[in-house]
Number of protein chains: 10
Amino acid sequence: MLFHVEMTVNLPHDMTPAQADQLKAREKQIAQGLQRDGVWRHLWRIAGRYANVSIFDVADNAALHDTLMTLPLFPYMDIVVRPLCRHASSIHGDDR
Amino acid sequence: MLFHVEMTVNLPHDMTPAQADQLKAREKQIAQGLQRDGVWRHLWRIAGRYANVSIFDVADNAALHDTLMTLPLFPYMDIVVRPLCRHASSIHGDDR
Amino acid sequence: MLFHVEMTVNLPHDMTPAQADQLKAREKQIAQGLQRDGVWRHLWRIAGRYANVSIFDVADNAALHDTLMTLPLFPYMDIVVRPLCRHASSIHGDDR
Amino acid sequence: MLFHVEMTVNLPHDMTPAQADQLKAREKQIAQGLQRDGVWRHLWRIAGRYANVSIFDVADNAALHDTLMTLPLFPYMDIVVRPLCRHASSIHGDDR
Amino acid sequence: MLFHVEMTVNLPHDMTPAQADQLKAREKQIAQGLQRDGVWRHLWRIAGRYANVSIFDVADNAALHDTLMTLPLFPYMDIVVRPLCRHASSIHGDDR
Amino acid sequence: MLFHVEMTVNLPHDMTPAQADQLKAREKQIAQGLQRDGVWRHLWRIAGRYANVSIFDVADNAALHDTLMTLPLFPYMDIVVRPLCRHASSIHGDDR
Amino acid sequence: MLFHVEMTVNLPHDMTPAQADQLKAREKQIAQGLQRDGVWRHLWRIAGRYANVSIFDVADNAALHDTLMTLPLFPYMDIVVRPLCRHASSIHGDDR
Amino acid sequence: MLFHVEMTVNLPHDMTPAQADQLKAREKQIAQGLQRDGVWRHLWRIAGRYANVSIFDVADNAALHDTLMTLPLFPYMDIVVRPLCRHASSIHGDDR
Amino acid sequence: MLFHVEMTVNLPHDMTPAQADQLKAREKQIAQGLQRDGVWRHLWRIAGRYANVSIFDVADNAALHDTLMTLPLFPYMDIVVRPLCRHASSIHGDDR
Amino acid sequence: MLFHVEMTVNLPHDMTPAQADQLKAREKQIAQGLQRDGVWRHLWRIAGRYANVSIFDVADNAALHDTLMTLPLFPYMDIVVRPLCRHASSIHGDDR
């Protein structure tokens, strides 16, 4: 089941570069694992912003929440979640 | 090149059902053509709203605009466009 | 799976009372059927507004959308949907 | 009498994990007590956000305020309160 | 129990002056009755706007909603309701 | 002359409890003096928020500003002021 | 006493040019009378918009409201009123 | 002197195609004249919207307003104007 | 040429009173000089807020920007600028 | 291909003047390089604000993002990007 998840990152200015890099490295590692699992189906950068638009494919709302809570950047992100579903005009039988 | 396009449809209440159905039929026909061409890469319904989130793959901004202008529902839609690009944490080499 | 659905109704001023009453009667009939089915788990009036807060229990996003599309007032409503899940501090094992 | 209470938590980034955990533990303890008392009737997590939607059943506005003021997280929360009442289309005689 | 109710009136431009005057006359009549009953405790005009700030003293949320639904201008008003209660710094023992 | 004044308090998280309590004590003292003088005519708590709705009765705009500037919490408050006047449908001859 | 009044005019598209011109002529006549009386102290056009920023000098809130209600364009205007007073850094002894 | 002018066009749905085309033709004619005069220095389409971002080079605010008032689409446009000036980091000596 | 400039001041809470007073003293000194020069034509306090509405009379946009940049409080202010011009209904031949 | 990029700078108040000056110097150096390369086609100051409106001419979205990421002020800027294209009423054959 698909969710449209928009994440905007606001790292505190007084976080040291080392802390930030470490945080981002762990975030990338987890994000790539979730992508390989097919959970994080799409991850796009919004050009010009420290933000992304992602499409998650999860079993249900709780799975989505638990997944997002594993992200190291979670405490520094403003996240907006909207449920998606197959559009009646889609040429695909499923929710691609 | 990818664009995140959110379309919210507001049909006037005094439009007759017949007019609306005809408009939607032409919209669906054009939308499905664009999907087959690979231009309209993703088309998802936002659950609960007469709105969709779409990912367009076009040559450039002008191509995007010209494409959206062909949609019969264009005059009745509020459209927000944001440029996307490959995310540094994506496991894909391209912008899937 | 639960969704928080807020519906604000804006009937056009030039709709006749008879049309409006007929629309509301059909809406009530469908809404009560969905409540009996356990789909429309909670339906509360926001005091002072022609709006409600509802909790829907559905299989997935598509089921939610299809359900809301059956509502006669759908074309006249602004609907905001947010996915809910069990809170870690809830005393209930499920998502009551 | 029911109130729809939406709480969004913003803990300061410079709060130590220990302080935060202690605060959350006390919050959970109080929240569960209020749930057992039937005051905090529903507590749902908004998927993807450090926020919840809750339904409080209290005697009046003052009781609601006093109850919310007992929450350890109160100083760190943005709270929006809206009064609810039984909907004319509800199949329940009361405000479930 | 007190509620802060802000009402902004938007009469359709194509309503005839006679209809509008009749509507306002009935509104005034009902509003003054509610004031005499002590339900509509304060009614102030927001200078420069076709809007008012009112303080309602009612038994509960349902009473508030039912009261507001009796207002002829209800369909033409945007209403925002917020629950009030006695302030800890008030010199009054009650909620004046 | 009446003004509707809405005050939302945002104390900095790094203010010590002692500082905060002292500030609030001075605020309460001044607020109660202004109430006894009839300047601060109404002071209500917005349930669930560290905010109040107040009605000030002052000679003019300058008097309102000077009065609000005496409040110890002024630097920590977001204040919105709107001028009120007697409503044509009020049953009172004055601006109660 | 001064008020900052911002007026944005939205004439209905189906108003005939003749009606609109007549309305504007009456508006101009009344506006110029109020300026000569010193009530409407400043009237400036916001470049590029059918809107103005005005400074009214009136006895009190009620006088402001009554004055604005005399404007033929009142039903077609969105008006925002804010009370002004002499600034402590003004070189003028009064509120010029 | 430069102004950033953003124009969003909202033609009424009940305007006939013939009226709309005539309006747009006159708009294009005037817009191209202003461009040739160097007044309308830049005119860009915001991709996906019936809106443009324009840079006007005019003598002063009044000239800007008078120019925009000549546009046939003016009554149907929401216009936001912001004054621009040469940026300290520009490599140009003037305000290109 | 006139500009409507609204300035809202947000001094950081951890600025010492001495620093703040020194900053305000320099601001007042510069502001009064600009008023005497006729650049800062009007300076009014928005009652109840640490904000002002000002009317600047400058040669052009660049002059406005350079002037505002001289204000010691500039880094702590949110400033909104809108170009004004003489209103067609003004009784003055110039832009008073 | 053109993008409209609006950048608003918010430097933390506790950044030392030396740090800020160094940051701005590097920003200016990079910005001027990009202008000479024709990438940063226009750079205008929004009068009265620490913000600019810029027009970037880049190959695609990714190039835009990578370019903006090279700006030293990037972490301190709120950036809004909108895709532009040639307007049908432009007298230019290209996207000037």
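Residues numbered from 1 in each chain as written. Chains lettered and ligands numbered in written order. Predicted model: local features only at pLDDT ≥ 70, side-chain atom pairs only at ≥ 80, totals over all residues. Heavy atoms only, no water.

1. Structural notes on the overall build of chain A
Thought 1: What chain A contains, in helices and strands, is two helices and four strands.
Thought 2: Counting only C-alpha atoms, chain A reaches 50 × 25 × 20 Å along its principal axes.
Thought 3: Per-residue burial for chain A yields a buried fraction of 59% across its 96 residues.
Thought 4: For chain A, long-range pairs separated by at least 24 residues make up 65% of all intrachain contacts whose partners lie at least 6 apart in sequence.
Thought 5: By element, 51% of the accessible surface of chain A is carried by carbon and sulfur atoms, the whole surface being about 4,000 Å². (Helix = DSSP H or I, 4+ residues; strand = E, 2+ residues; numbered from the N terminus. Buried < 20%, exposed > 50% of the residue type's maximum accessible area, 1.4 Å probe, protein only. Contact = heavy atoms within 4.5 Å. Areas by Shrake-Rupley, 256 points an atom, 1.4 Å probe, with all protein chains shown as cover.)

2. So, the sheet that holds strand β3 (residues 51–57) of chain F
Thought 1: If you trace the eight strands once around the closed barrel, you get β1(E)-β3(E)-β2(E)-β4(F)-β1(F)-β3(F)-β2(F)-β4(E), paired in antiparallel fashion. Within this sheet the neighbouring strands show an average axis-to-axis angle of 35°, counted without direction. (Pairing = 2+ DSSP bridges. Axes fitted to C-alpha atoms, helices over the stretch in contact; angles between N-to-C directions.)

3. Regarding helix α1 (residues 17–36) of chain J
Residues and elements named next belong to chain J.
Thought 1: The terminal C-alpha atoms of α1 lie 28 Å apart, and with 20 residues this matches the ideal 28 Å at 1.5 Å per residue to within 8%.
Thought 2: Turning to α1, its buried residues number three or more, namely Ala20, Leu23, Glu27, Ala31, Gln32, Gly33, Leu34 and Gln35.
Thought 3: Of the surrounding secondary structure, the elements contacted by the buried residues of α1 are β2 (40–46), α2 (61–69) and β4 (77–86).
Thought 4: Just downstream of α1 lies glycine 38, where phi reads positive at about 85°. (Expected span 1.5 Å × (residues − 1).)

4. Details of a negative patch on the surface
Thought 1: Among the surface-exposed residues, A:Asp14, D:Asp14, F:Asp14, I:Asp14 and J:Asp14 lie close enough to one another that they form a single negatively charged patch.
Thought 2: On the secondary structure map, D:Asp14 appears in the loop between β1 (2–9) and α1 (17–36).
Thought 3: The exposed category is assigned to D:Asp14, whose relative accessible area is 65%. (Patch = residues over 30% accessible without salt bridge, like charges linked within 9 Å, V, L, I, M, F, W, Y side chains within 5 Å. Salt bridge = Lys/Arg side-chain N within 4 Å of Asp/Glu carboxyl O. Lys, Arg positive; Asp, Glu negative; His and termini not counted. Charge placed at Lys NZ, Arg CZ, Asp CG, Glu CD.)

5. Looking at the side chain of A:Asn52
Thought 1: The residue A:Asn52 is located in strand β3 (residues 51–57) in this model.
Thought 2: There is a polar contact of 2.8 Å between the side chain of A:Asn52 and the side chain of A:Ser54.
Thought 3: A:Asn52 has contacts with A:Val5, A:Glu6, A:Met7, A:Leu43, A:Trp44, A:Arg45, A:Ile46 and B:His87, leaving out every residue within four places of it along the chain. (Polar contact = N/O pair within 3.5 Å; in protein donor to acceptor, adjacent residues only side chain to side chain.)

6. Section: the relation of the copies chain A and chain B
Thought 1: Each copy of the sequence occupies a distinct position, and chain A is placed on chain B by a rotation of 180° and an axial shift of 0.0 Å, giving an RMSD of 0.0 Å. Within this description, the copies of the chain are treated as partners about a two-fold rotation axis. (Least-squares fit on C-alpha atoms with pLDDT ≥ 70 in both.)

7. Considering the relation of the copies chain C and chain E
Thought 1: Superposition of chain C onto chain E requires a rotation of 72° combined with a translation of 0.0 Å along the rotation axis, giving an RMSD of 0.0 Å. The relationship between the two copies is best expressed as a five-fold rotation axis. Taking the C-alpha atom as reference, chain C places C:Asp14 closest to the rotation axis, 8.1 Å from it.

8. Looking at the interface of chain A and chain B
How big an interface is tends to be stated in terms of the accessible area lost upon association of its parts.
Thought 1: Contacts between chain A and chain B engage 30 residues on the former and 30 residues on the latter.
Thought 2: It is A:Trp44, A:Arg45 and A:His87 that lose the most area in chain A upon contact with chain B, and together they represent 24% of the buried surface on that side.
Thought 3: Notably, a salt bridge pairs B:Glu6 with A:Arg82, separated by 2.5 Å at the nearest N-O pair.
Thought 4: Across the chain A-chain B interface, the total number found is 20 residue pairs in polar contact (both at pLDDT 80 or more).
Thought 5: Breaking the side of chain A that touches chain B down by element, the ones donating at least two residues are β1 (2–9), α1 (17–36), β2 (40–46), β3 and β4 (77–86) of chain A.
Thought 6: Considering each element in turn, the side of chain A that touches chain B owes the most residues, six residues, to β2(A).
Thought 7: Residues belonging to the side of chain A that touches chain B are distributed by class as follows: 12 nonpolar, nine polar and nine charged. (Buried area = accessible area lost by both parts, 1.4 Å probe. Nonpolar A, V, L, I, M, F, W, Y, C, P; charged D, E, K, R; others polar.)

9. Here's the deal with the arrangement of the chains
Thought 1: Between chain A and chain G there is no contact, and the shortest C-alpha to C-alpha separation is 30 Å.
Thought 2: Without any contact between them, chain D and chain I keep their closest C-alpha atoms 15 Å apart.

10. With respect to the interface of chain C and chain E
Thought 1: Between chain C and chain E, the contact holds seven residues from the first and 12 residues from the second.
Thought 2: Summed over both partners, the interface of chain C with chain E buries about 690 Å², with 59% contributed by carbon and sulfur atoms.
Thought 3: When the buried area of chain C at its contact with chain E is split by residue, C:His13, C:Gly48 and C:Arg49 rank highest and sum to 68% of it.
Thought 4: At the surface where chain C touches chain E, the tally comes to one salt bridge.
Thought 5: Note that E:Asp78 and C:Arg49 form a salt bridge whose closest N and O atoms lie 3.4 Å from each other.
Thought 6: Here chain C is connected to chain E by three residue pairs in polar contact (both at pLDDT 80 or more).
Thought 7: In terms of residue class, the side of chain C that touches chain E is built from three nonpolar, two polar and two charged.

11. Quick word on the environment of D:Asp94
Thought 1: Looking at where D:Asp94 falls in the secondary structure, it is placed in the segment after β4 (77–86).
Thought 2: A C-alpha to C-alpha distance of 36 Å links D:Asp94 and D:Leu23, two positions 71 residues apart in sequence.

12. What to know about the packing of aromatic side chains
All names here are of chain E.
Thought 1: The tally for this structure, following the rule as stated, stands at 10 aromatic pairs over all chains.
Thought 2: An angle of 35° between the planes, with centres 4.6 Å apart, marks the rings of tryptophan 40 and phenylalanine 56 as tilted. Of this pair, tryptophan 40 sits in strand β2 (residues 40–46) while phenylalanine 56 sits in strand β3 (residues 51–57), placing them 16 residues apart in sequence. Like tryptophan 40, the residue phenylalanine 56 is buried in the burial classification. (Phe/Tyr/Trp six-rings, centres within 6.5 Å; stacked < 30°, edge-to-face > 60°.)

13. Remarks on the sheet that holds strand β3 (residues 51–57) of chain C
Thought 1: Read around the barrel, eight strands follow the order β1(C)-β3(C)-β2(C)-β4(D)-β1(D)-β3(D)-β2(D)-β4(C) and close on themselves; strand pairing throughout is antiparallel. Averaged over all adjacent pairs, the angle separating strand axes in this sheet is 35°, with direction ignored.
Thought 2: Set on the sheet, helix α2 (residues 61–69) of chain D makes contact with β1, β3 (51–57) and β4 of chain D; between it and β1(D) the angle comes to about 25°.

14. Details of the environment of A:Glu27
All names here are of chain A.
Thought 1: Position of glutamate 27 among the secondary structure elements: in helix α1.
Thought 2: Note: C-alpha distance between glutamate 27 and leucine 73 (46 residues apart in sequence) is 6.5 Å.
Thought 3: Dropping the residues within four chain positions of it, glutamate 27 is found in contact with Leu71, Pro72, Leu73 and Met77.

15. Quick look at the pattern of salt bridges
Residue and element names in this part refer to chain F.
Thought 1: Across all of its chains, the model carries 50 salt bridges over all chains by this definition.
Thought 2: The salt bridge involving arginine 41 is made with aspartate 57; its shortest N-O contact spans 3.0 Å. Taken together, the residues span a long stretch of sequence, with arginine 41 in strand β2 (residues 40–46) and aspartate 57 in strand β3 at a distance of 16 residues.

16. Quick look at helix α2 (residues 61–69) of chain I
All names here are of chain I.
Thought 1: Every buried residue belonging to α2 is among Asn61, Leu64, His65, Thr67 and Leu68, and all of these are buried. The buried residues of α2 occupy an angular sector of 165° when the element is viewed end-on, so they sit on one face.
Thought 2: At the N-terminal boundary of α2, the capping side chain belongs to aspartate 60, with an oxygen 3.2 Å from the backbone nitrogen of alanine 62. (Arc of directions from axis to C-beta.)

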